[in-house]
Structure formats: structure tokens, C-alpha cells
Amino acid sequence: MPPSAAPDGDSTKVWVRRILREVLAGREDPEGFFALCLSVLGHQETRSQYPSHIEPLRAANSSMHSVLTSIYKEYFSKTEDDELELALALSLVEMKDYELSAPIHEPQLKQPGGRRNESGSVWPTSEFQTQRRSPIQPAEADSGTRNNSPQTGPSPKVCSPRTAVEPEHNADAWTPGKARSASCHQVMEAGDVDQSEKPKHPKKRRQRRKCAAQQVVGLPRAPSAAAPVLLWFRRDLRLSDNPALVSALKVGAPVIPIFIWSPEEEEGPGVTVAMGGACKYWLHQALSCLCSSLENIGSHLVFLKSETQGSEGGASLRALQGLAKATGARTVVANALYEPWLKGRDDAVAAALQKSGVECEMFHSYCLRDPYSVSTEGVGLRGIGSVSHFMSCCRQNPGAALGAPLDPPTTLPVPAHWPPGVSLETLGLARMPKRKDGTTIDWAANIRKSWDFSEGGAHARLEAFLHDGVYRYEKESGRADAPNTSCVSPYLHFGQLSPRWLLWDAKGARCRPPKFQRKLAWRDLAYWQLTLFPDLPWESLRPPYKALRCSTDRRHLEAWQRGRTGYPLVDAAMRQLWLTGWMNNYMRHVVASFLIAYLHLPWQEGYRWFQDTLVDADVAIDAMMWQNGGMCGLDHWNFVMHPVDAAMTCDPCGHYVRKWCPELSGLPDELIHKPWRCPTSLLRRAGVAFGQTYPERIVTDLEERRSQSLQDVALVRKEFGQYVDKRSGCDLVPLPPRLVSEALGSSHLDGGVATGGKQFLLPVITRMEFKHQQEDPDADAASNPYNAVLKGYVSRKRDETIAFLNERDFTASVMHEGAQRRERMESDQRRLEGLPRGPAPRGRVRRTPTAKDRFSVVPGGAVASLR
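Residues numbered from 1 in each chain as written. Predicted model: local features only at pLDDT ≥ 70, side-chain atom pairs only at ≥ 80, totals over all residues. Heavy atoms only, no water.

A separate point is the overall build of the protein chain. When its secondary structure is counted, the protein chain shows 33 helices and 14 strands. Among the 867 residues that make up the protein chain, the fraction classed as buried is 52%. Here the analysis covers contacts within the protein chain between residues at least 6 apart in sequence; of these, 76% occur between residues at least 24 apart. Surface exposure of the protein chain reaches about 40900 Å², of which carbon and sulfur atoms provide 53%. (Helix = DSSP H or I, 4+ residues; strand = E, 2+ residues; numbered from the N terminus. Buried < 20%, exposed > 50% of the residue type's maximum accessible area, 1.4 Å probe, protein only. Contact = heavy atoms within 4.5 Å. Areas by Shrake-Rupley, 256 points an atom, 1.4 Å probe, with all protein chains shown as cover.)

It is worth spelling out the side chain of N397 at this point. Structurally, N397 is set in the loop between α14 (387-396) and α15 (445-450). Here the side chain of N397 touches E377 through a polar contact of 2.9 Å, landing on its backbone oxygen. Look past the residues within four positions of N397 in its chain and what remains in contact with it is R369, S375, T376 and E377. (Polar contact = N/O pair within 3.5 Å; in protein donor to acceptor, adjacent residues only side chain to side chain.)

Turning our eyes to something else, we now look at the sheet that holds strand β3 (residues 229-233). In spatial order, the strands read β5-β4-β3-β6-β7; together these 5 strands make up an open sheet with parallel pairing. Looking at strand neighbours, the two that pair on one side only are β5 (302-305) and β7 (359-363), the edges of this open sheet. Shown here is a sheet whose adjacent strand axes are inclined to one another by a mean of 25 degrees, direction ignored. Alignment of strand β4 (residues 255-261) against β5, held across 4 bridges, turns out to be parallel. Residue pairing for β5: I258 is matched across the bridge by V302. (Pairing = 2+ DSSP bridges. Axes fitted to C-alpha atoms, helices over the stretch in contact; angles between N-to-C directions.)

All right, on to the nonpolar core then. One recurring pattern in soluble globular proteins: nonpolar side chains tend to sit buried together. Counting residues in each nonpolar core, the largest one holds 159 residues, and the members touching the most others are L287, W560 and M587. Of all hydrophobic cores here, the second largest spans 22 residues; its members include W15, I19, I71 and F76. (Core = buried A, V, L, I, M, F, W, Y, C linked by side-chain atoms within 4.5 Å.)

Our focus in this paragraph is the confidence of the model for the protein chain. Per-residue confidence for the protein chain averages 78 on the pLDDT scale, and 73% of its residues sit at or above 70. The low-confidence segment residues 98-216, where pLDDT is below 50, has 197 contacts with residues more than four positions distant or belonging to other chains. Between residues 843-867, whose pLDDT stays under 50, and residues either more than four places distant or in other chains, the model counts 40 contacts. (pLDDT = per-residue confidence, 0-100.)

Moving on, we come to the environment of P408. Inspection of the secondary structure puts P408 in the loop between α14 and α15. Once the C-alpha coordinates of P408 and N242 are considered, the two residues, 166 residues apart in sequence, prove to be 7.6 Å apart.

Across all of its chains, the model carries 22 salt bridges by this definition. D442 is paired through a salt bridge with R448; the nearest N and O atoms lie 2.5 Å apart. Several salt bridges converge on common partners, so that one network encompasses R234, E265, R345 and D346. (Salt bridge = Lys/Arg side-chain N within 4 Å of Asp/Glu carboxyl O.)

This next bit is on a positive patch on the surface. Side chains of K13, R17, R18 and R21 sit close together on the surface and give a patch of like positive charge. Relative to the helices and strands, R18 resides in helix α1 (residues 10-24). (Patch = residues over 30% accessible without salt bridge, like charges linked within 9 Å, V, L, I, M, F, W, Y side chains within 5 Å. Lys, Arg positive; Asp, Glu negative; His and termini not counted. Charge placed at Lys NZ, Arg CZ, Asp CG, Glu CD.)

This next bit is on the UniProt feature "binding site: FAD" (unreviewed entry) in the protein chain. Feature annotation in UniProt places "binding site: FAD" (unreviewed entry) on Y473, T485, S486, C487, V488, S489, F516, D616, A617 and D618, given in this structure's numbering. Mapped onto the elements of the fold, T485 is located in the loop between α16 (455-476) and α17 (489-493). Owing to a relative accessible area of 18%, T485 belongs among the buried residues under this scheme. When near neighbours in sequence (up to four residues on either side) are disregarded, T485 contacts F465, Y473, S477, W582 and N584. Once you skip the residues sitting within four places of it in the chain, F516 turns out to touch F465, Y473, S486, L502 and A506. (UniProt positions renumbered as here; feature names shortened; annotations may be inferred.)

A word on the side chain of T376. Relative to the assigned elements, T376 resides in the loop between β7 and α14. Residue class for T376 comes out buried when judged on its relative accessible area of 0%. In this view, T376 contacts L381, H389, C393, N397, W528, L739 and E742; residues no more than four positions away in its chain are not counted.

Going through the model one piece at a time under the given rule, you end up with 26 aromatic pairs. Both rings, one in F33 and one in Y50, keep their centres 5.9 Å apart while their planes meet at 40 degrees; by these two values the pair is tilted. Highlighted residues: F33 in helix α2 (residues 30-41) and Y50 in helix α3 (residues 43-54), separated in sequence by 17 residues. Measuring from centroid to centroid gives 5.4 Å for Y473 and F516, while their planes differ by 80 degrees, and the two rings are edge-to-face. Here the residue Y473 occupies a position in helix α16, and F516 occupies one in helix α19 (residues 514-532), the gap between them amounting to 43 residues. (Phe/Tyr/Trp six-rings, centres within 6.5 Å; stacked < 30°, edge-to-face > 60°.)

Turning to helix α18 (residues 499-508), a few remarks are in order. For an α-helix, the turn length of 3.6 residues means that residues three or four places apart are oriented alike. For α18, the buried fraction is high: 7 of the 10 residues fall into the buried class. If you check which residues of α18 are buried, you get P499, R500, W501, L502, L503, D505 and A506. Elements in contact with the buried residues of α18: α9 (243-250), α16, α17 and α19.

Moving on, we come to the packing of helix α28 (residues 702-719) against helix α30 (residues 768-775). Each packed pair of helices is defined by two parameters, the angle between the axes and the distance between the axes. Where α28 contacts α30, the axes come no closer than 9 Å and their chain directions differ by 75 degrees. It follows from the interaxial angle that α28 and α30 lie roughly perpendicular. Together, R706, L710, Q711, V713, A714, R717 and K718 of α28 and E769, F770, K771, Q773 and Q774 of α30 make up the contact between the two elements. Residues that form the contact of α28 with α30 fall into these classes: 4 nonpolar, 3 polar and 5 charged. (Parallel < 35°, antiparallel > 145°, perpendicular 65-115°, else oblique. Nonpolar A, V, L, I, M, F, W, Y, C, P; charged D, E, K, R; others polar.)

Within the span of helix α20 (residues 554-562), buried status applies to H556, L557, A559, W560 and Q561. As for α20, its buried residues are in contact with α21 (568-580), α22 (585-598), α23 (603-613) and α24 (619-629). N-cap assignment for α20: the residue whose side-chain oxygen lies 3.0 Å from the backbone N of R555 is D553. Directly beyond the C-terminal end of α20, a positive phi value near 70 degrees is found at G563.

Our next topic: the environment of E31. Inspection of the secondary structure puts E31 in helix α2. With relative accessibility at 5%, the residue E31 sits in the buried group. Counting along the chain gives 36 residues from E31 to V67, while the straight-line C-alpha distance between them is 9.2 Å.

Right, here's the structure in full:
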């Protein structure tokens, strides 16, 4: 029904029901529905009839009814006296401005474009009055479509009380809520300008928008003297799917976004290196992008810096108390952080603010599951440390429903007066060192070129991955020479992309690799372990491994850090890390194995370097993975990456090495990962000179050093026999009090908990080669049947078979595929009917002419048919 005239009688109910159906179906927003009622029915009829129109929803959909009612009450909350007083004040302002330019002999002030209210007072046609009439549409003072009443002369300009006018959205703005807000704007303009046009609605929305109708988006309003809300940004530097931001809007008061930089509070009690150089630089850029996003919706971010701690709660508490006193704020909202020292800080802040009459609310958003809510009840403790055990705990003890992602607001209500703050540069996050001659060392130049630090960049990178790389992720995520990973980890760490939004997008993709979604479970597992073991970043969880003999050769450590080990794959990865602040998960395993298993350096050195150089450096994730790689975490890596053999999997043709080690680009594919085996003439032609253009290998006896590492582990396990389970050979780990209480309450009956003195010791996952090495501590790694060193592979058996057949004859390949399919169908049919297995296929298997591993075999019959 076109909004050319307000419906009458029964037609009003029909029209309202039809639009309400659109709202319930998610094709229209509550704000848009209320705006249509104002536009079509008018101010008075909406005020009198709107509650009765939405009354049927009270029983059918109470949540939607409450949302629509809150919008109605918020719009009509001001009394007529308040509106009249405001209008008269604005009229006086206009009169003064007009008298300055009008002739003195003019007896009466005329109001061009003005109209009279019922009491006879003149109501000027101004930007503010237009905004009051359409509270869901941002003010557009310069838009010609907003001047709806006929003008007989130039209208005197009235200064809006707003401190900032919301600019129009950019045409290519990333915000997912743009389509919805733009649709709402079109509907309002159609109702104000041309009453004959139908309201326009978005043609298509993502599935998660089904719940968007129950979400609150910002309603633009003039600056208010009401007590504002302090929105405390930390590692949630985004507008979309931000529960704290939505909660601040629900208060219905001005919102003051703030960011407090207190470096001492970020660091834990030990050596955490929570904010390294790369992380600080990313944080600087992300805050700059967040400032731009807030300015686009008419607000801005207030920066505060404090580097000293004093009373309980520290610098952040004093900053919040000062802001509350200066602005009169009675509410502080933020998204929770889960590092134990930060949670303790937040609890102290909330308690202190509560005593002074300021409410402080924390919302869960940083992880999919609140780590403090995870319980082992009903699951037990066997297998703790693995992601499978963690997911079983989450399924057995489910928390609150995940819910749908929240859309970003279109505007933020602003206060009448902004509190003072400092500039972003004053925080010193992106400060570059200087040389003796005064020039700046711009070490972040390549990081700047490699990343888009904005929230839009996060969504763009995720969308690009879900349209391409996700289809290769399951089998090819380890490839370093191809973009098969999402690269969204830094955005997740700084909260520019929420894990809930990522999960919804991943589930909505055509290809749904469980391996990719499982990464979010690993992330939650890391934070759960950090809550259980607050000293995870610096203290080995398995007591025997604290006494493990480690190398103190600083030259080896520096060569590893700078990418000058002489092993091309390791060097390429470490150079990529230094230049871009990132490397994929497979390469992190490669360089960690080299540092620990071959250089015998302590895992803490690798952890600290990663924390300083990774743009996605996360205390919980890095500490958990380095502990597991260092053989002393709750879990053991069941593999060790060989610095040469691993290249067969991640860089078989050497493209990755050529990119980051260009001095080796002239070497052939077969030798680029082991240049020391190249003939001298080939090295000369390629321009490679060891010790000059490319470093010599810092260690040459890889097998011997690997065997020495195993023997050292066997030695400490034998020395600390009280921490080795005699029955299973597994390591025993002392349990924290939280897990002890759970074990005594429900899981102590499974026999998985043993007592050792006053400690509760739990057998944890232990690498099989360690158990076998315990029997013969002096044996070398090659004789260990459970040797964990991975041999790289290019492809699996089927891929090798098809590749070989494709080289000989495409037709034979198709025939072979068809024959295998028929054999499988016949075998399945026989099994279903209970018949014995059929005769074996004719012909014998043989290896391919270029076979390098046991997977490269092809059926003999297929090969014989090609002769």
C-alpha cells in the first residue's frame, strides 16, 4: 500500500499487520516500522494508536513487543512543555540572527518556511526540527531532499546544538548495517518528499540478519545534558557485533567512547610480553581506524594515558573515576577480558566504581565460550589439554546460547560536552627508533604494506578467504607458497572481528571445513588453560622439564631470530615474520621445532620473540603452543618438523623460499631447500657464496642433535620419577585448585587422579617416543620406533596414483577411476547382503618410476594396460 495517505479504520489495522509481518520475518527493522508509522499515520495518530496496533505481539512475540514499545516510549518521552520550551528557545535564536540582518523599520518578524503549532507559536523549519520529526534518520543539513515545505525566501540558518553532524555514509562503506540503514533512510525520505512512492526494502540479507529485528541500533539525537555512558574500548575495536556498544545504546543516554592505555596493567606478574612492538603498532593503526569509524557515525574516541599504578584497580580505575566525576556518568560498559591479571583488574575496578555509585557492566564477547564457565563435570580429566576433551566439556556443560551477531549502529548519541583527552600519538604505540644521525628507522614499513588495519579490512579478508582459500584449507592449509589460510588472527586478537561473526560466516559458506571452525575451539582452549595456570607464559607445567638441559648459545638464538640459520625454509619463515609480523600455523611449527629439538634452546626464548614480532601475538595461544612444542604443556605435539623434509609439504617447488630468501632464487627446485648439496659450479652460476651472500648452517649434525634432545628428556624423566606414572608411563602434572575441586566433586571416581603428597597429580598426554626412550635412554632417535620426526609429502596415495596415470594417459585415468568405483560398489553391496568378500583384483602393484615414499604405488593391472 503506498503511503500517499494515512489509512483509515480497518485499513490501518491491515496495513500495520502487513508491516509487522515484514518486521517479524526480518525484512524490516523495528526502527523502520516506527518511522513508517510516523510518516504515514502522522505524529498524533501514531501517539494514540501505536500501542494498540502492536498489542497482539505481547503474547505472540514478547521480545519484539518490548523493542517496539521502547522505541515508542523513547520518542514520546519528552513532554509537550519541553518541546514547546525548546521550540521557543530556537525561535528566539532565529529572531536575534534575523534582526541583525533585517531592516529596522520592519514591524514584524516573518518566518519563511515556518508553520504554527496548535497553540499559535511559530515552529521554525530547521535541521533540528526535521531531526526531531524523523528520529531514525541522521541529520543531513545540506541535503536538498530534506527541505520539504515550500520556501518563499532564504531561511535563517539555525545552529544545531549537536557538536558534530553525522556525515553521509561512503558509497563503498563496509558496514554490514549499511543496507539496512540506507533502506530506512530511503523509506523516510519517500514519506517526507514523495508520498506516492512505496517504501523500499533491501532485496537480500544474510541469514544472521533474521535476529537483527530484535537488536537496538543507535538513534541519532541532539546533545543531551543527561548522564552519559562511558563505553570502555579494550580489545574490541569494532562497531559490529559489539555487545558493550549495544548495551550502551540501550541506556538511552549519550555515549562517550574511551580508550585507556596503561602498559603496566597489560603485563602479567611474570614475563608475559603481552604487548610487543608489532602488537603496539597494530593497536595504533587499529585505534586510528576505529576513530574514523566513530566519526562516520557522529562520535569520536577519547584517549587517556596513564603509566603508573597506585590504589587498588590501578591507573584505569583512577581514569574512570576522573571521567565519571567530570562527565557525571553513572554507567561504564565494556567487553570482558580473560587474562587472570586483567580479570582481577576489572573486578577491582567494578567493585570500586560500585562503591562510588557508578555501575560497571562487563559483557562476554572475546571468546565463543567464557573460559571461567567451562567445567569438566561429567567428562572427567582424562585427555585434558586436547581440543577434543575441551569440546566434550563444552558439550556436556553448555553455557549461554551463542546468539546472532549484532549489527553496527548507524549513529551514536553525543554528550553536550566532551571530556578532555590526549592525542593518539601521545600514547607512543607506534614510536620508531632513531639513528645517531637523527633519521628514523621505519621497521614497520612492510607491515604497513601487508595489512589493512581497519574493521572493513577484517571483513574483506574473511570474505576473500571464504570465497577462495576455504576450499583448499582442509588439505592444503600447511602450504606456505599459496594463500590457503584466512589470515584473520590479528583481527580476532584486537577484536576487529568477533569470533561469533567469524563462526557464522564460516557456517554460512558453501564449503564448511571443520578444521577451520575447530581453530576457534583451540583459541578458547588456550584461554581456558591460561585461567587454570596463570603462570603459563613463563613456567613449565610439567615439573621434570624445568630441569631440562638447554643451550645458552646466544649466536644460535640471534641467527634463528634474524633468519640466518643456513636452512632456507626456517630462514624464509623467520624473515617473513620480521617483515610482515605473521606466518601461517605450519611454519610456526617448523621454526619452533628447529629452535627446541635441534638448537636445544628453551621454549621461553621462542615465546618472547613471537610475542614481540607477531601482529597477532596472543599470550594464551602462544604460551599454550610453545609449552606443547617445548614438551612441557598439558599436551604433547606428536610430531617434530624436520627443517628440510617439511619443505616437501609446505613449499615443494621452492616458491616460498625464493620470495623471502631471494639470494637463493637461482637454485633448482630439487636443491633449493638444501643448497649445501649443490655442486660448486651450480652455486657459482646462481651467485650463492656461503658465509657471504647466504649464511653457513649453524648446526650440521641434525640427526645427532635430535637424538641428544631425546636423551635429555629421558634423563630428566628418570631423575624426577615421582612425576612419571609407573603404570602408563605418562607424565604427571600437579592440578590447580579449580580442577581439584571439580575432580573431587564428580570425576575422582574414574581413577584418573592420583595423589602425591599434598599435590593432586594427573596423568596427561605424553609422546610415545618418550615412553619408549625411557626403557633405553641412550638409544638414538633413528632406532626409536615412535620417532616423531615427520617426513614431508607432496600428496597422498590417491593423488600420486591419479597424477601418475594422468601423465601416461587421461583415458586410462578415467577408466581406472571407474573401475575403482565399481569395485567399491560391489564390495559395499556384498557386505550389505552378508555375502563373502569377492575375489581380489588381478595384477600386482608396483612402485612408480619416481617413487620417493611408500604412498607412491599404482595398481599393476592399470600399469600393464598402458603398455
